[in-house]
Amino acid sequence: MTTTTDVEMSSDKQKKDIEILRKKLMDWSFFPYLYQLFNKEEPINWRNPMFIDYIARQSLQSFYRACKRFESFDFSIEPTIVGKVKHCSYSDLDGITNFKNPEVIQKIISGRLFQGTIVEGSEKRSVIVKTWDFHLPMRDALQCLTTFCDEIELFTDERVNMHPNLVKLYRYCCDTRLALVFDEEFTGLVLSDVLLSDDFGWVERMKVATQLADLYSCLHENNIALDRLIPANIMIDKEFNIKVFDFGFVTNTFNVDDSFLDGARAPEILKGERTRTMKSDVYYFGILLLELMAKRKFSFAHVCCCVQTSIANAVKRGKKYLVHECFTEVDYPTALAITLLVFLCTNFDPDKRPSMKDVIDTLNAMGMGGVKRKRDEYDAEQ
């Protein structure tokens, strides 16, 4: 049985390993990853314009010269194990996902998700490979190095990495490409695929909401902010269990720049009044809960301005508040309670938003606590 002392020693080593990794990548900077010839060979819809615009021939020649300079770059790195997760070479990564003929799952904030396969003895199983792409989307390249390390830190943190709604990290790669390998089979569905579906019922929607709230709550208990989640970054299986595989940022420092993020941002961040906090996490959860209950995708470009007004107007109209009319099984007290919860979570004043523990307690009180047993099992293992 794992003791508290064992966990603390493991945590100290994991933090030390992460700091060494961060320093190493910052010393290298992003150039060894930027100047790789495979960046030019990406599909046309993913290539940097400098590779397809005839006007940019001079820039392309500069790119070739830089690639030549970095073709023998030494990507040797220590430690080779962070927490319990091993580093893998680029050749091993290419064996998991053949980048010459890849199976792309989707584009994500950092880059892309690919289908992959790992072989251990006679066992073969599907995995997900997540890459950090330095040419497209156009990102702050140094920030990419930071977020890569942030995610390794999260997925190797024994306080939270066994949570049932987080994907499990199998390998990480700093050799030629930045990539993570998750020991998860892609289900073929993400939340955005079913958000508007008639087959995605009320009970299933609240199951997803409760699992998501539980994940946020678990991370907040350990002083970790998960940040913005969108439905496209939440994998969902046939039983409507979720696995989160991509984030805006993951941080326990709350001091990095979010300016390049697309999509929804909490009002206080949008106005530049605060950096990201756990209260901004609550706002992002409120938006997702709103989409689930209203069976509607919101335009994040204006959601900060309209969400509170929309809720207030819906309440005044005396309908089922923000619950979509197709959910006939939802009674008025439940509709009112969950509408008020969204209203509180999306309050313009972050100090007036509830904690995620309060949110999960409210959902449980409404009879929507579909994750308590799994969470108790998870806590018992720690």
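Structure first, text after, so check above.
Just so we're clear, the structure is a prediction, and the values are computed from it rather than from any experiment.

Here we look at the sheet that holds strand E4 (residues 111-120)
Strand order in the open sheet formed by seven strands is E1-E2-E6-E7-E5-E4-E3, and the pairing between neighbours is mixed. Two strands bound the open sheet, and with one partner strand each, they are strand E1 (81-82) and strand E3 (104-107). The strands that helix H5 (residues 141-155) touches are E1, strand E5 (123-132), strand E6 (169-173) and strand E7 (178-182); relative to E7, the one it contacts most, it runs at about 25°.

Considering the packing of aromatic side chains
Within this structure, the stated rule accounts for 21 aromatic pairs. Judged by centre distance (6.0 Å) and plane angle (50°), the rings of Phe-70 and Phe-73 are tilted. Judged by its relative accessible area of 14%, Phe-70 falls in the buried class. Arranged with centres 5.3 Å apart and planes meeting at 10°, the rings of Phe-200 and Phe-240 form a pair that is stacked. In this pair, Phe-200 is assigned in the loop between helix H6 (191-194) and helix H7 (202-221) and Phe-240 in the loop between strand E8 (234-236) and strand E9 (242-244), connecting sequence segments 40 residues apart. With relative accessibility at 1%, the residue Phe-200 sits in the buried group.

Re the environment of Val-85
Assignment of secondary structure puts Val-85 in strand E2 (residues 85-87). Owing to a relative accessible area of 7%, Val-85 belongs among the buried residues under this scheme. C-alpha separation for the pair Val-85 and Tyr-170, spaced 85 residues apart in sequence, amounts to 6.1 Å. Contacts of Val-85, omitting those with residues within four sequence positions, involve Thr-80, Thr-156, Leu-169, Tyr-170, Arg-171 and Tyr-172.

Details of the packing of helix H9 (residues 278-294) against helix H11 (residues 332-345)
Where H9 contacts H11, the two axes come as close as 8 Å, and the packing angle between them is 145°. Judged by the sense of rotation from one axis to the other, the crossing of H9 with H11 is left-handed. The residues of H11 that touch H9, namely those facing Val-282, Tyr-283, Phe-285, Gly-286, Leu-289, Leu-290 and Met-293, are Ile-338, Thr-339, Leu-341, Val-342 and Cys-345. Tallied by class, residues from the contact of H9 with H11 come to 10 nonpolar, two polar and no charged.

As for the side chain of Lys-130
Examined against the element boundaries, Lys-130 turns out to sit in strand E5. A polar atom in the side chain of Lys-130 sits 2.7 Å from the side chain of Glu-151. At 2.7 Å, the side chain of Lys-130 and the side chain of Asp-246 are in polar contact. Setting aside residues up to four positions removed in sequence, Lys-130 forms contacts with Ile-108, Ser-110, Arg-112, Leu-113, Glu-151, Leu-178, Ala-179, Leu-180, Phe-182, Phe-245 and Asp-246.

Remarks on the environment of Thr-277
Within the secondary structure, Thr-277 is located in the loop between helix H8 (267-270) and H9. In the structure, Thr-277 is positioned 57 residues away from His-220 in sequence and 9.9 Å away in space, judged by C-alpha atoms. At a separation of 3.2 Å, a polar atom in the side chain of Thr-277 contacts the main-chain amide nitrogen of Lys-279.

With respect to the pairing of E3
On any regular strand, side chains alternate: one points to one face of the sheet, the next to the other face. In this sheet, E4 lies alongside E3 in antiparallel orientation, the contact comprising three bridges. Across the sheet, Val-104 pairs through a bridge with Phe-114, a residue of E4. In sequence, E3 turns back onto E4 through a hairpin of three residues.

Looking at H9
Here H9 is 17 residues long and its end C-alpha atoms lie 24 Å apart, about the 24 Å a rise of 1.5 Å per residue gives. A distance of 3.2 Å separates the backbone nitrogen of Lys-279 from a side-chain oxygen at the start of H9, and that oxygen is part of Thr-277. Remark: Lys-295 follows H9 within two positions and exhibits a positive phi of approximately 55°.

Things to note about unusual backbone geometry
One non-glycine residue, Thr-176, adopts positive backbone phi at about 75°. Looking at the secondary structure, you find Thr-176 in the loop between E6 and E7. Residue Lys-295 is not a glycine yet carries a positive backbone phi of 55°. Checked against the element boundaries, Lys-295 lands in the loop between H9 and helix H10 (303-317). When its relative accessible area of 13% is taken as the criterion, Lys-295 is described as buried.

Things to note about the pairing of E6
For E6, the buried fraction is high: five of the five residues fall into the buried class. Bridge analysis of E2 against E6 gives two bridges, and the strand direction is parallel. Paired with His-87 across the strands is Tyr-172, a residue of E6. As paired elements, E6 and E7 share four bridges and run antiparallel to each other. Bridge pairing in E7 links Arg-171 to Val-181. Connecting the antiparallel pair E6 and E7 is a turn made up of four residues, with Thr-176 showing a positive phi of about 75°.

Regarding the packing of H7 against helix H12 (residues 356-365)
A packed helix pair is summarised by two numbers, namely the angle formed by the two axes and the spacing between the axes. The N-to-C vectors of H7 and H12 enclose an angle of 150°; their axes lie 8 Å apart at closest approach. Accordingly, the angle class assigned to the pair H7 and H12 is roughly antiparallel. As for the relative orientation of H7 and H12, their crossing is left-handed in sense. Contacts between H7 and H12 involve Ala-209, Thr-210, Ala-213, Asp-214, Tyr-216, Ser-217 and His-220 on the former and, on the latter, Met-356, Lys-357, Val-359, Ile-360, Leu-363 and Asn-364. Taken together, the residues of the contact of H7 with H12 sort by class into seven nonpolar, four polar and two charged.

Calculation rules
- Residue numbers restart at each chain and count upward from 1, following the sequence in its written direction.
- For this predicted model, a pLDDT threshold of at least 70 governs which residues receive local features, and a threshold of 80 or more governs which side-chain atom pairs are given and counted, while totals over whole chains, interfaces and linings are taken from all residues.
- Side-chain descriptors were evaluated using all non-hydrogen atoms of the structure, hydrogens and water having been removed beforehand.
- DSSP bridges decide pairing: two strands pair if at least two such bridges lie between them.
- We count a stretch as a helix when DSSP gives it H or I for four or more residues in a row; a strand needs E for two or more, and each element gets its number in order from the N terminus.
- By definition in these notes, contact holds between two residues if any of their heavy atoms fall within 4.5 Å.
- An axis is simply a line fitted to the C-alpha atoms; with a helix, the fit covers only the stretch in contact. Between two such axes, the angle follows the N-to-C directions and lies from 0 to 180 degrees.
- Only Phe, Tyr and Trp rings are paired, with Trp represented by its six-membered ring, and only when their centres lie within 6.5 Å; those with planes under 30 degrees apart are stacked, over 60 edge-to-face, the remainder tilted.
- For every residue, the accessible area obtained with a 1.4 Å probe (protein chains only) is divided by the maximum for its type, and the residue is called buried under 20%, exposed over 50%, and partly exposed between those limits.
- Crossing handedness is read from the near helix: turned anticlockwise from the far helix by less than a right angle, it gives a left-handed crossing, and turned clockwise, a right-handed one.
- Residue classes follow a fixed rule: Ala, Val, Leu, Ile, Met, Phe, Trp, Tyr, Cys and Pro count as nonpolar, while Asp, Glu, Lys and Arg count as charged, and any other residue, Gly among them, counts as polar.
- Think of a polar contact as two N or O atoms within 3.5 Å of one another; within protein, one of them needs to be a possible hydrogen donor and the other a possible acceptor, and neighboring residues in sequence only count if both atoms come from side chains.
- One less than the residue count of a helix, multiplied by 1.5 Å, gives the span that helix is expected to have.
- Orientation labels follow simple angle bins: below 35 degrees gives roughly parallel, above 145 gives roughly antiparallel, 65 to 115 gives roughly perpendicular, and whatever is left gives oblique.

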